[in-house]
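# Architecture at a glance
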Amino acid sequence: MNFIQQLINGLSIGSVYALVALGYTMVYGIVKLINFAHGDIIMVGSYIVLFSMKSAGFPFWISILGAFTLCAILGVVIERVAYKPLRQAPRISALITAIGVSILIQNVFMLSFKPDPRPFPNVIDGNFGIGSINVSYTTALTIGISVLLMILLQLIVKKTKVGKAMRAVSEDEGAASLMGINVNRTISITFAIGSGLAAVGGALYSAAYPLVDPFMGAMFGLKAFVAAVIGGIGSIPGAILGGLIMGIAESMTKAYISSQLTDIIVFGILIVVLLVKPSGIMGKNVKEKV
Amino acid sequence: MKLKRLAALLTAGIFVLSAVGCTGGETSKDDLNADSGTQTENNNDGNNNTSDNSDTIKIGGIGPLTGELAMYGTNAMNGAQLAINESDGALGKKIEFIILDDKGDITEATNAYNKHVNNNEVSAIIGAVTSQPSAAVAVAAAKDNTPMITPTGTAIDITTYGENVFRACYTDPFQGKVIAAFAASSLEKKTAAVIYNKDSDYSIGCAEAFKTTFEEKGGSIVGYESYSNSDKDFKSQLTNIASKNPDVLFIPDYYSVVALIAKQVKDVNLKAVLLGTDGWDSVHSVVEDPSLIEGAFFCNHYSPDDTDPEVQNFITKYKETYGSEPNAFAALGYDAAKLIINAIETAGTTDKEAVVEALKNTDISAVTGSIKFDEERNPIKSVSILQIQNGQYKMYEKLNPSDL
């Protein structure tokens, strides 16, 4: 019973990792950029939900929609201002810009809202039991919303025109634009969806761990990035799988081995995956063009 | 290139400024020496101790004023400032209190100490506030024999670095011991679990002492789990603990972590009485849902509903000055400053050795109890056990050192 309980704990944190990893993987898939500012979008999303619930008194679901929208816009603005001018520049320039954007967002928030952690409003209370297994509503909500969004994303990518455009641009940007696909618009949409998902991830994360501070996105973003790499960066199902593997590995290590070994084991998995399959579990092997 | 030149100019500017500053200080010192010949001797053996000759006594404060632990540093330093404002100076001179931020970081704390001693020429140090920076400051202060009191550094090793290092609060193991004795004897609980931060000396010190004492008193420890500094998820450990169903859960850590753990204790449906240490002070400011910590006990240095006139006087003045209720950190900061001022008055000088000697023989009544120091320069005083009732801290029991 304890084992299933721990599995649920792992799924809960893992599904949030997965949501955030999706943003990393989508952006990487389409512009080959590791968007380090993505972790900080989580933080921005949490702050938006915090203020919208506490100061404006909106319910959680409206706040989440607001955070999704605002962060989607923020993602697009960041892309337009910081990354687009560097699209033809060497990849390292864009990478360093991403780190710069991340530091900028953190410090703007630190100056505006002070570095002290703030309590996050109570979203949903209580537990329910399935047999002898006890699940909190927070956990159920987290897993539920994450799964829903992942399904929605799959539908968008596989079934809609926008999704088709995204797949085309990620395969070959030049050819896609020759076929009449608006590449800039597609990239913007990708950033918008990725950032929106990060905002929801942030809100769910804060509902489960109710303290918000300007640096909360840094470590969490890094772990989500590792999840994306384990799953195979660029692959959407890979990001989901990677997130769940990370979450479950963390919670099982804490429960059955030792909390001191958590990070060693999680990052150990990353090393093993990269040794065995450098492109990640579900990543495609890309042949170098010579 | 442009940047380099600018940097060079700036550096040159700083050198010129500091040179001017030095000569300025030098002349005024000579002038004063000519007037008061007797004090020059004193001045020569206490290396560079200009404070004897100026009309102010400088005391340096070190604490985290920004970052996660900012609330502690600000409160402790406010308390110290209040005691200094209240004192009308010492030895007929004004006291100037200079505070530097250590951000809760060891390196920053050492830098702050060096700045205090080299640039500000302070006579004594109040700080640092948290345990690890306090230990770093203690190591540095021990080399110069600067009188130092950490108001709130509870780690056992801090005072072991030098004869000149004191503390105004009790130690980590002492807290663990008191709360374990309280759980076993006063609450009559039989089983306990502990969840502690393995990256924090404070947390480990409390946890180990709790375990030993609770077992000595006939209780059994059914869960002993740990986590690390960056952790936000404790559900795995708490699920393990919940399956053992302990009577009490001891969480020795600072308030922001306690807020996260308390939420997850409820999530995993663990129904134990929560026990904590002085790091819990201010916990209600970061817990959105007060029911999470309702009924929890923690030990603290003082209680606002203590009827002692000294305590009530302090609370009134603190509220007048800062407009908020003082917590234990403010009270300890206040007491630390009081200890230093008292020692300087008793010694009749700011000479380092004399002040240290006077501190060792301290016997004053302060806000956090009447204070004497033992051989390890830890205070011997009583402990207040508080309970959180309706989101308020209520004095539950006062334990004297002899009760343990």
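Residues numbered from 1 in each chain as written. Chains lettered and ligands numbered in written order. Predicted model: local features only at pLDDT ≥ 70, side-chain atom pairs only at ≥ 80, totals over all residues. Heavy atoms only, no water.

All names here are of chain B. Along the polypeptide, Tyr322 turns up in helix 10 (residues 309-322). Judged by relative accessible area, Tyr322 falls into the partly exposed class, the value being 27%. Placed 255 residues apart in sequence, Tyr322 and Gly67 show a C-alpha to C-alpha distance of 20 Å. Sequence-distant contacts of Tyr322, that is, excluding residues within four places in its chain, are made with Asn78, Gln81 and Leu82. (Helix = DSSP H or I, 4+ residues; strand = E, 2+ residues; numbered from the N terminus. Buried < 20%, exposed > 50% of the residue type's maximum accessible area, 1.4 Å probe, protein only. Contact = heavy atoms within 4.5 Å.)

A few words on the side chain of Gln264(B). Secondary-structure assignment places Gln264(B) in helix 9 (residues 255-267). Of the residues examined, Gln264(B) reaches a relative accessible area of 0% and is grouped as buried. A distance of 2.6 Å separates a polar side-chain atom of Gln264(B) from the backbone nitrogen of Phe234(B). Apart from the residues within four sequence positions on either side, Gln264(B) is in contact with Ala208(A), Tyr209(A), Lys232(B), Asp233(B), Phe234(B), Lys235(B) and Leu238(B). (Polar contact = N/O pair within 3.5 Å; in protein donor to acceptor, adjacent residues only side chain to side chain.)

On to the confidence of the model for chain A, then. Mean pLDDT over chain A: 90, with 98% of residues reaching 70 or higher. When pLDDT is averaged over each element of chain A, helix 3 (residues 60-83) of chain A comes out on top at 95 and strand 2 (residues 127-130) of chain A at the bottom at 81. (pLDDT = per-residue confidence, 0-100.)

Here we come to the pattern of salt bridges. Scanning the model with the defined rule gives 16 salt bridges over all chains in all. Between Lys317(B) and Glu86(B) there is a salt bridge; the shortest N-O distance is 3.5 Å. You can see Lys317(B) sitting in helix 10 and its partner Glu86(B) sitting in helix 3 (residues 70-86), a full 231 residues away along the chain. With a relative accessible area of 29%, Glu86(B) lands in the partly exposed category. Among the charged side chains, a salt-bridge network with shared partners connects Glu79(A), Arg80(A) and Arg87(A). (Salt bridge = Lys/Arg side-chain N within 4 Å of Asp/Glu carboxyl O.)

This brings us to the packing of helix 1 (residues 2-31) of chain A against helix 6 (residues 161-171) of chain A. Relative orientation and spacing of two packed helices are given, respectively, by the angle between their axes and the distance between those axes. All names here are of chain A. Orientation of helix 1 relative to helix 6, taken along the N-to-C sense of each, is 55°, at an axis distance of 6 Å. If you check the angle between helix 1 and helix 6, you find them oblique. For the pair helix 1 and helix 6, the contacting residues are Met26, Gly29 and Ile30 in the first and Met166, Val169 and Ser170 in the second. Here the residues of the contact of helix 1 with helix 6 sort into 4 nonpolar, 2 polar and no charged. (Axes fitted to C-alpha atoms, helices over the stretch in contact; angles between N-to-C directions. Parallel < 35°, antiparallel > 145°, perpendicular 65-115°, else oblique. Nonpolar A, V, L, I, M, F, W, Y, C, P; charged D, E, K, R; others polar.)

All names here are of chain A. There is a patch of nonpolar side chains on the surface, built from Phe3, Ile4, Leu7, Tyr256, Ile257, Leu261 and Ile264 and spanning about 640 Å² of accessible area. Elements with a contribution of two residues or more to the nonpolar patch: helix 1 and helix 10 (236-257). No other element matches the 3 residues that helix 1 contributes to the nonpolar patch. (Patch = residues over 30% accessible without salt bridge, like charges linked within 9 Å, V, L, I, M, F, W, Y side chains within 5 Å. Areas by Shrake-Rupley, 256 points an atom, 1.4 Å probe, with all protein chains shown as cover.)

To continue, consider the sheet that holds strand 5 (residues 165-167) of chain B. Residue and element names in this part refer to chain B. What the 5 strands build is an open sheet, ordered 2-1-3-4-5; its pairing is parallel. Looking at which strands have only one partner, the edges of the open sheet turn out to be strand 2 (94-101) and strand 5. The sheet shows a mean angle of 25° between the axes of neighbouring strands, taken without regard to direction. Judged from the 3 bridges that link them, strand 4 (residues 148-150) and strand 5 form a sheet pairing that is parallel. Note that in strand 5 the partner of Ile149 across the bridge is Phe166. The strands touched by helix 3 are strand 1 (56-63), strand 2 and strand 3 (124-126); relative to strand 2, the strand with the most contacts, the crossing angle is about 175°. (Pairing = 2+ DSSP bridges.)

With that out of the way, let us pick up the sheet that holds strand 6 (residues 191-197) of chain B. Residue and element names in this part refer to chain B. Across the sheet, 7 strands lie side by side as 7-6-8-9-10-14-15; this open sheet has mixed pairing. Of all the strands in the sheet, just strand 7 (220-227) and strand 15 (392-399) have a single pairing partner and so form its edges. Taken over all neighbouring pairs, the strand axes of this sheet differ in orientation by 25° on average, direction set aside. Looking at chain direction, strand 9 (residues 273-276) and strand 10 (residues 297-300) are connected through 2 bridges and run parallel. Residue pairing in the sheet places Gly276 in a bridge with Phe298 of strand 10.

What follows deals with helix 11 (residues 262-276) of chain A. Residue and element names in this part refer to chain A. Over its 15 residues, helix 11 runs 21 Å from end to end, which matches the ideal 21 Å to within 8%, given 1.5 Å per residue. Three or more residues of helix 11 are buried, namely Thr262, Val266, Leu270 and Val273. Summarising the axial view, the buried residues of helix 11 lie within an arc of 75°, below the 170-degree limit, and thus occupy one face. In helix 11, the exposed positions that point more than 90 degrees away from the buried face belong to Ile264, Ile271, Leu275 and Val276. Residues of helix 11 that are buried make contact with helix 9 (216-231) and helix 10. (Expected span 1.5 Å × (residues − 1). Arc of directions from axis to C-beta.)

Residues and elements named next belong to chain B. Looking at chain B, the pLDDT average stands at 84 and 86% of residues meet or exceed 70. In this model, residues 15-52 is a region of pLDDT below 50 whose contacts with residues beyond four sequence positions or in other chains number 29 contacts. Taken over the whole predicted complex, pTM reads 0.74, whereas the ipTM for its chain interfaces reads 0.80.

When the parts come together, some accessible area is lost, and that loss is often what is quoted as the size of the interface. Residues and elements named next belong to chain B. Partitioning chain B into domains gives domain 1 (55-169 + 312-373) and domain 2 (173-300 + 384-403). Its C-alpha centre places domain 1 at a distance of 28 Å from the equivalent point of domain 2. Counting residues at the interface gives 12 residues for domain 1, matched by 15 residues for domain 2. For the pair domain 1 and domain 2, the summed buried area comes to about 1,200 Å², and 52% of that belongs to carbon and sulfur atoms. One can count 0 salt bridges joining domain 1 with domain 2. Scanning the region where domain 1 abuts domain 2 turns up 3 residue pairs in polar contact (both at pLDDT 80 or more). Of all elements in the fold, only helix 3, helix 5 (131-144) and helix 11 (328-347) reach the threshold of two or more residues within the side of domain 1 that touches domain 2. (Domains from an automatic or database assignment. Buried area = accessible area lost by both parts, 1.4 Å probe.)

Take the packing of helix 4 (residues 106-120) of chain B against helix 5 of chain B next. Residues and elements named next belong to chain B. Viewed as axis vectors pointing N to C, helix 4 and helix 5 meet at an angle of 35°, and their least axial separation amounts to 8 Å. As for how helix 4 packs across helix 5, the hand of that crossing is right-handed. Note on element contacts: helix 5 touches helix 4 through Gln132, Pro133, Ala136, Val137, Ala140, Ala141 and Asp144, opposite Ile106, Ala109, Thr110, Tyr113 and Val117. Of the residues that constitute the contact of helix 4 with helix 5, the class distribution is 9 nonpolar, 2 polar and 1 charged. (Left-handed = near helix turned anticlockwise from the far one by under 90°.)

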